[in-house]
Amino acid sequence: ASASVLAHVLVSKLLDGLPIERIAKRLRRHGVDLSTNTLHDWMARTSAMFATLYVLFREELRACDLISLDDTPMPAKTRDHPQGMQRGRQWIYLGDLDRVAYAEYTPDWKGRHPRRVLDGFSGDIQGDGYAGINPLFSDSTDSPRRVGCNDHARRKFVQALEQRDTRAQRVVDLYRALYRVEAESRAAGDDAEARLARRRSTSAGLWQQLAEEIARLAPNAGKKSPLGKAIIYWQRQRKTLEVFLVDGQVPISNAHVERQIRTMALFRKNSLYYGSPAAGERYSVLLTVLLNCVLADVNPYEYIKDVIDKIANCWPKSRLRELQPANWAAARPADQAEDQPDLHV
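Overview of the structure. Just so you know, these numbers come straight off a predicted model, no measurement behind them.

### Re the pattern of salt bridges
Evaluation of the coordinates by the stated rule reveals 19 salt bridges. Measuring nitrogen to oxygen at the nearest pair gives 3.9 Å for the salt bridge that ties Asp33 to Arg28. Between Arg155 and Glu258 there is a salt bridge, and its shortest N-O distance comes to 2.9 Å. Highlighted residues: Arg155 in helix H6 (residues 150–162) and Glu258 in helix H10 (residues 255–271), separated in sequence by 103 residues. Look at Arg155 and you get partly exposed, because its relative accessible area is 32%. Where salt bridges share partners, they join Glu60, Asp96 and Arg99 into one cluster.

Below you can see the structure in the form of structure tokens.
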């Protein structure tokens, strides 16, 4: 296979969410007649080519100050499961918001999987209230700090409001005001210091009103009602949710990770499941590479096509970092025109 065909297949399947069968139909329109088994095999072998680079992305992730994570269900066919399908999870980790991405497939939702990735990390870890990573946080001075996600907290109050419990309206309005402060900060191009000053002058007061409103609602909200569940979650997570008020480097929510998870949601909608757990692992390697292209604002087709050729021609391991998307883009001649897809085998 030419690098151009491989790049086209990978970008179409992983970023555009097209099933292999649909990609095969498109290729036939270009005069390239390939079986789906051949395309799956090519994807597997291409994943192996990027395995060493995949390890490098994980190392860079752990060198960051902030790691944000989230996951989404991703079924995989397997003969070992009584129903022939296991309920796996696809995890996404982002370092320092948009510095590096790392994806990993796991066969279940057990906390040992993210703990293995994060073990020994001493920076900030942002996510929802997932209890599986609780053992990472202790009272020792070198343990990581846990940062909550206000999107997860806010969404529960929105759900209560959608269930026509109008008591949640005030909480939703206060969250809207808090997010407006964040939007103003982004529009102004605030650095961490300026962002923290803005939060102290405006967001802190809004947060206090939010806490008072939730405390007022709590006695009269049934614990099993949507509003009661939202209040319990907020109260349990409050310490982690308000970290953004004391650190300008910390985002108010985990939305930057959720945006990347949309790529996997589209894949799941169109392809339904992985063909096997091993396929999930191979997908994670390629997804990691392509998500880093997205973060670096690099054309993924051009990147994959060029890097495949470089790896196939024995690119030295000592220069592996040059193949990271941001470094690769920086080394490209500014006047180099991007080629159009050349779909030949």
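### What about helix H11 (residues 277–295)?
Its 19 residues place the ends of H11 27 Å apart at the C-alpha level, agreeing with the 27 Å of an ideal helix rising 1.5 Å per residue. Asp297 lies just past H11 and shows a positive phi near 55°.

### Notes on the side chain of Asp108
Following the sequence through the fold, Asp108 ends up in the loop between strand E3 (100–106) and helix H5 (112–118). Within polar-contact distance, the side chain of Asp108 engages the side chain of His113 at 2.7 Å.

### A look at the nonpolar core
Counting residues in each nonpolar core, the largest one holds 70 residues, and the members touching the most others are Phe50, Ile92, Tyr93, Tyr303 and Ile304. Setting aside its immediate chain neighbours within four residues, Phe50 contacts Val285, Leu286, Val289, Ile304, Val307, Ile308 and Ile311. By size, the runner-up hydrophobic cluster in this structure holds 31 residues, among which are Ala153, Val171, Leu174 and Ile231.

### Quick notes on the pairing of strand E2 (residues 85–95)
E2 sits mainly inside the fold: 9 of its 11 residues count as buried. Looking at chain direction, strand E1 (residues 66–77) and E2 are connected through 11 bridges and run antiparallel. The residue of E2 that forms the bridge with Lys77 is Met85. Looking at chain direction, E2 and E3 are connected through 7 bridges and run antiparallel. Along E3, the bridge assignment pairs Leu94 with Ala101. Once E2 ends, the chain turns through 4 residues before running back antiparallel as E3, passing Asp96 with a positive phi of about 50°.

The rules we used
- Here the residue index of a chain counts from 1 through its sequence in written order.
- At least 70 in pLDDT is required for a residue's local features to be given in this predicted model, at least 80 for side-chain atom pairs to be given and counted, and no such filter applies to totals for whole chains, interfaces and linings, which use all residues.
- For the side-chain quantities, the full set of heavy atoms in the structure was used; hydrogens and water were omitted.
- We define a salt bridge as a side-chain nitrogen of Lys or Arg found within 4 Å of a carboxyl oxygen belonging to Asp or Glu.
- Runs of E in the DSSP output that reach at least two residues are strands. Runs of H or I that reach at least four are helices, and both are numbered from the N terminus.
- Each residue gets one of three labels from its accessible area relative to the maximum for its type: buried under 20%, exposed over 50%, partly exposed in between, using a 1.4 Å probe on protein chains only.
- In this analysis, the expected span of each helix is defined as 1.5 Å times one less than the number of residues it contains.
- Two N or O atoms count as a polar contact when they lie within 3.5 Å, although within protein this holds only if one can serve as hydrogen donor and the other as acceptor, and sequence-adjacent residues are included solely when both atoms are side-chain atoms.
- As used here, the term nonpolar core means buried Ala, Val, Leu, Ile, Met, Phe, Trp, Tyr and Cys residues forming a set that is joined through side-chain atoms within 4.5 Å.
- The contact criterion used throughout is that any non-hydrogen atoms of two residues lie within 4.5 Å.
- Two strands pair if DSSP finds at least two bridges between them.

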